[in-house]
Each structure stands twice: as structure tokens, then as C-alpha cells.
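Structural overview
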Amino acid sequence: MARRPFLPDIPEPPAADGPCPLCGRPLGTVNIDRHHLIPKSLKGREQYPIHKICHRKIHATFSERELLRAYYTWEALRGDDDIRAFIDWVAKKPLGFYARTFMANKKKSG
């Protein structure tokens, strides 16, 4: 019998007009994506509005298994050193800023 993945309790999605749950900057109206804290492919349902650049950074840094096992809360994501450095960098960018995100070396080799 196949084992069901662990699905932790996660908070309700915030309103679309609030701040980005990762970087804390206002969401604005351009370059907005939706992020599943529990990956959709692993039965996640709740979607959260987030800046496209923040969303791309999350998925360039972590595998879906890592997101399920250790990074299924905003606090856990913000606690990672790579994400923290990204947040500090993107905080200085204008609202609506987007640039290509490259895959982290640790994800490429892992």
C-alpha cells in the first residue's frame, strides 16, 4: 500500500492586495504569480499571491520534496540563508521589478 505524504497545517491565503508573503513588499498589479506552500504535485491546494521574482527564487532554490519536508511555511522559507540574501537584495528594487532567476548550484547537484 502506498504511503500518503505528510501534509502539515498551513495558514489561509492572504488577500491578493496585501504584501508579498515572502519579501513583504506590496504586491502591486504586475508580475504576480501564485505559490503553493505544499507543492501542487504533492497534493497542495492553497495558493498564495506572490511576486513572480520571489516565486521563481523559491523554485530555483528548493526541490518540491524540500518544500514539502522543510519549507512549507513562509517563516521557514525566510529562514534560509539564500532566500534571506535574496529578500535583502530585492527589497531595494522597484515594485513590479522582474529579472531572470538562475537555479542554485546546490539544487543542480542535488
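Everything below is about the structure printed above this text.
Throughout this description, residue numbers start from 1 for each chain and increase along the sequence as written. Local features are withheld for residues below a pLDDT of 70 in this predicted model, meaning they are given only at 70 or higher, and side-chain atom pairs are given and counted only at 80 or more; totals for whole chains, interfaces and linings count all residues. In computing side-chain values, all of the structure's heavy atoms are included and hydrogens and water are not.

**Structural notes on the pattern of salt bridges**
We count a salt bridge whenever a side-chain nitrogen from Lys or Arg sits within 4 Å of a carboxyl oxygen from Asp or Glu. Scanning all chains against the criterion turns up three salt bridges. Close ionic contact of Asp-33 with Arg-56 constitutes a salt bridge, the shortest N to O distance being 3.4 Å. Within this pair, whereas Asp-33 is found in strand β1 (residues 32–35), its partner Arg-56 is found in helix α1 (residues 52–61), the two being separated by 23 residues in sequence. With a relative accessible area of 17%, Asp-33 lands in the buried category. Here the term buried applies to any residue with accessible area under 20% of the maximum for its type, exposed to any over 50%, and partly exposed to those in between, with areas from a 1.4 Å probe on protein chains only. The partly exposed category is assigned to Arg-56, whose relative accessible area is 35%. Taking the shortest distance from any N to any O, the salt bridge between Arg-78 and Glu-75 comes out at 3.5 Å. Here Arg-78 pairs with Glu-75, and both are found in helix α3 (residues 74–79), just three residues apart, close to one helical turn. Residue classification places Arg-78 among the partly exposed positions, given a relative accessible area of 25%. A run of H or I in DSSP becomes a helix once it reaches four residues, and a run of E becomes a strand once it reaches two; helices and strands are each numbered from the N terminus.

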